[in-house]
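Single-letter residue listing:
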Amino acid sequence: MSAPPLGVYVHWPFCKSKCPYCDFNSHVRDGVEQMRWRNALLTELEHAAREAPERRVETIFFGGGTPSLMAPETVGAVIERTRTLWDTAPDLEITLEANPTSVEAGKFAALAQAGVNRVSLGVQSLDADALRFLGREHSADEAIAAIATARHHFARYSFDLIYARPGQTVEAWLAELERALALAGEHLSVYQLTLERGTRFFTDHARGAFVLPDEDTSAELFERTQARLDEAGLPAYEISNHARPGAACRHNLIYWRYQDYVGIGPGAHGRFARDPRRPAAGKQATRRASGPEAWLEAVERDGHGTAESAIAQGSDLVEEALMMGLRLAGGIDRARFAEATGVDPVTALGEAKLAPLLKAGFLKVDATHLGATATGRQRLNAVLERLIA
Ligand SMILES: C[S@@+](CC[C@H](N)C(=O)[O-])C[C@H]1O[C@@H](n2cnc3c(N)ncnc32)[C@H](O)[C@@H]1O
Ligand code: SF4
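1. A short note on the overall build of the chain
Link 1 in the chain: Secondary structure summary: the chain contains 17 helices and 14 strands in total.
Link 2 in the chain: The principal-axis extent of the C-alpha atoms belonging to the chain is close to 50 × 50 × 40 Å.
Link 3 in the chain: Sorting the 389 residues of the chain into buried and exposed places 53% on the buried side.
Link 4 in the chain: Long-range contacts, defined here as pairs at least 24 residues apart, represent 71% of the contacts in the chain between residues at least 6 apart.
Link 5 in the chain: Total accessible area on the chain is roughly 17000 Å²; 51% of this is exposed by carbon and sulfur atoms.

2. Concerning the site of ligand 1
Link 1 in the chain: Around ligand 1, a shell composed of 18 residues is seen, among which G65, N99, Q124, R136 and D160 lie nearest.
Link 2 in the chain: Q124 has a polar side-chain atom sitting 2.7 Å from an oxygen atom of ligand 1.
Link 3 in the chain: In the complex, 92% of the free accessible area of ligand 1, which totals 560 Å², lies under the protein chains.
Link 4 in the chain: Of all the elements in the fold, those that place two or more residues in the shell around ligand 1 are β3 (87–98), β4 (118–124), β5 (156–163) and β6 (187–192).
Link 5 in the chain: Of the residues belonging to the shell around ligand 1, the class tally is six nonpolar, eight polar and four charged.

3. Some remarks on the packing of helix α12 (residues 315–325) against helix α13 (residues 334–341)
Link 1 in the chain: Taken N-terminus to C-terminus, the directions of α12 and α13 make an angle of 145°; their axes are 9 Å apart at the nearest point. For the pair α12 and α13, the crossing hand works out as right-handed. When α12 is examined against α13, the residues L317, V318, A321 and L322 are found in contact with a partner set consisting of F337, A340 and T341.
Link 2 in the chain: Class assignment for the residues of the contact of α12 with α13 results in six nonpolar, one polar and no charged.

4. Things to note about the site of ligand 2
Link 1 in the chain: Around ligand 2, the surrounding shell consists of C15, S17, K18, C19, Y21, C22, S26, G65, T66, N99 and R136.
Link 2 in the chain: Here the shell around ligand 2 is composed, by residue class, of four nonpolar, five polar and two charged.

5. Structural notes on the packing of aromatic side chains
Link 1 in the chain: Within the structure shown, the criterion is met by 13 aromatic pairs.
Link 2 in the chain: Ring centres 6.1 Å apart and planes at 25° place the aromatic pair Y9 and F61 in the stacked group. Placement of Y9 in strand β1 (residues 5–12) and of F61 in strand β2 (residues 56–64) is noted, with a sequence separation of 52 residues between them. Of the two residues, Y9 and F61, neither departs from the other in class, the shared state being buried.
Link 3 in the chain: Taking 5.5 Å as the distance between ring centres and 65° as the angle between the ring planes, the aromatic pair formed by F108 and F154 counts as edge-to-face. One end of the pair, F108, is in helix α4 (residues 108–113); the other, F154, is in the loop between α6 (140–153) and β5, with 46 residues separating them in the sequence. Assigned by exposure class, F108 and F154 land together as buried.
Link 4 in the chain: Above the plane of the ring of Y258 lies K283, whose end atom (NZ or CZ) is 4.5 Å from the centre.

6. Focus on the nonpolar core
Link 1 in the chain: I60, F62, V75, W86, V116 and F159 are the most contacted members of the largest nonpolar core, which has 66 residues in total.
Link 2 in the chain: Among all residues touching V116, those that are not within four sequence positions of it are V75, I79, I94, L96, L111 and F154.
Link 3 in the chain: Counting residues in hydrophobic clusters, the runner-up holds 21 residues, among them Y258, A321, L354 and L363.

7. Some remarks on the sheet that holds strand β13 (residues 363–365)
Link 1 in the chain: In spatial order, the strands read β12-β14-β13; together these three strands make up an open sheet with antiparallel pairing. The open sheet terminates on both sides in strands that have one partner only, identified here as β12 (332–333) and β13.
Link 2 in the chain: Inspection of the sheet shows β12 paired to strand β14 (residues 369–372) by two bridges, in the antiparallel sense. Note on β14: the bridge partner recorded for I332 is L370.

8. Looking at the side chain of E58
Link 1 in the chain: With respect to the secondary-structure elements, E58 resides in strand β2.
Link 2 in the chain: When near neighbours in sequence (up to four residues on either side) are disregarded, E58 contacts P5, L6, A89, D91, L92, E93 and R250.

9. Notes on the pairing of β2
Link 1 in the chain: For β2, the tally of buried residues reaches eight of nine residues, placing the bulk of the element in the interior.
Link 2 in the chain: In terms of strand pairing, β1 meets β2 through eight bridges, oriented parallel. Paired with W12 across the two strands is G64, which belongs to β2.
Link 3 in the chain: As for the winding sense of the linkage, the β-α-β connection from β1 through helix α1 (residues 34–51) to β2 is right-handed.
Link 4 in the chain: Handedness of the β2-helix α2 (residues 72–85)-β3 crossover: right-handed.

10. Concerning helix α11 (residues 292–302)
Link 1 in the chain: Residues P292, W295, L296, A298 and V299 constitute the buried set of α11. Within α11, the buried residues cover an arc of 165° as seen down the axis, which keeps them to one side.
Link 2 in the chain: Against the buried residues of α11 lie α1 and β10 (283–288).
Link 3 in the chain: Following α11 by one or two positions, G303 adopts a phi angle in the positive range, close to 90°.

11. A word on the environment of L195
Link 1 in the chain: For L195, the location among the structural elements is in the loop between β6 and α8 (200–206).
Link 2 in the chain: When sequence neighbours within four positions are dropped, the list of residues in contact with L195 reads F201, F202, H205, F210 and L212.

Rules behind the numbers
- Residues numbered from 1 in each chain as written.
- Chains lettered and ligands numbered in written order.
- Predicted model: local features only at pLDDT ≥ 70, side-chain atom pairs only at ≥ 80, totals over all residues.
- Heavy atoms only, no water.
- Helix = DSSP H or I, 4+ residues; strand = E, 2+ residues; numbered from the N terminus.
- Buried < 20%, exposed > 50% of the residue type's maximum accessible area, 1.4 Å probe, protein only.
- Contact = heavy atoms within 4.5 Å.
- Areas by Shrake-Rupley, 256 points an atom, 1.4 Å probe, with all protein chains shown as cover.
- Near = heavy atom within 4 Å.
- Polar contact = N/O pair within 3.5 Å; in protein donor to acceptor, adjacent residues only side chain to side chain.
- Nonpolar A, V, L, I, M, F, W, Y, C, P; charged D, E, K, R; others polar.
- Axes fitted to C-alpha atoms, helices over the stretch in contact; angles between N-to-C directions.
- Left-handed = near helix turned anticlockwise from the far one by under 90°.
- Phe/Tyr/Trp six-rings, centres within 6.5 Å; stacked < 30°, edge-to-face > 60°.
- Lys NZ or Arg CZ within 6 Å of the ring centre and 35° of its normal.
- Core = buried A, V, L, I, M, F, W, Y, C linked by side-chain atoms within 4.5 Å.
- Pairing = 2+ DSSP bridges.
- Right-handed = clockwise from strand over helix to strand, strands pointing away.
- Arc of directions from axis to C-beta.

As structure tokens, this is what we get:
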């Protein structure tokens, strides 16, 4: 039997500027000591290999922040070290999130050379006014050029768009989506703009600087997006992620299927079975220190930057697996869920909780899967509140 699969997440916490909508663990710094950061990432990677040994790494994901600002040598060193620390799949998926500025596109050849085989570009919009509103550092033309460069250098690419922006009509969005489809490859991520506490947009919105589309318009935007992308052969496989059959991001599927992953870098999370032969016995849940400098100093001092490490067991496993799995369009594979948590999801939830949500058309169930319908996925937080009380 081959070793259990594992995903490796690597967080790069720096950006050139902070976008007003973003609450990711991202920071602007004048200078980053690349060698110090490279050494610290490699040190924590070794620690992660001691935490979750004897697995087969299926995916590596460089997320951020803006990992396209990393030195390609650092990216290459992390990939190389991963290969020496674990067994790796022959078709290892190695994704890197990139901002589509011309400077960063200029690094794509070196990043591909370092081993990256999939990029996810933060295009956000193809409209000049919207890009300005979103505080982006690139123009639409630069983004289009970056997509072309990505297509040239990487076997797989995807890009992100943010819709349901202030004042955006359904017609305007569908026209923008059409232009995006002409540039799209096998994968597209489309996010509705959300206001995250602590961001500039949150305060701007609270003082009335702009209004978001109302609930009906948001619902229509979501439904029309789903329909158009279905028709274009890019159906949703998760709330905001669309792909051609077989082209889903395998790393993100690891999260949503509640499989094992380790996380390195500031604020990175990990979840991995304590005993891979008995996954339902519990997962180790780890979180590294969020602050870049605090993390760096901890790694240099202790060999890792772990801020929290706890054991998720019993109902924790069931709740986390539900929160993740109901995001998937195909729903939760009941047998896989039972293997990960020790219980079938339908049995765990019970008739009293499930029946009203099934009847209202928010959930769907059959012999092999339990899932949220498109309507259910659109209001997943409300659905989860009813399930996890
Ligand atoms: C870690 S970020 C992106 C990577 C890269 N730094 C960039 O900005 O191009 C991942 C994606 O989440 C989306 N996102 C972040 N904050 C959001 C928000 N408040 N509402 C909707 N989408 C958001 C954006 O599309 C973004 O590209
Ligand atoms: S959206 Fe991307 S570039 Fe902007 S602050 Fe967030 S992580 Fe950085």
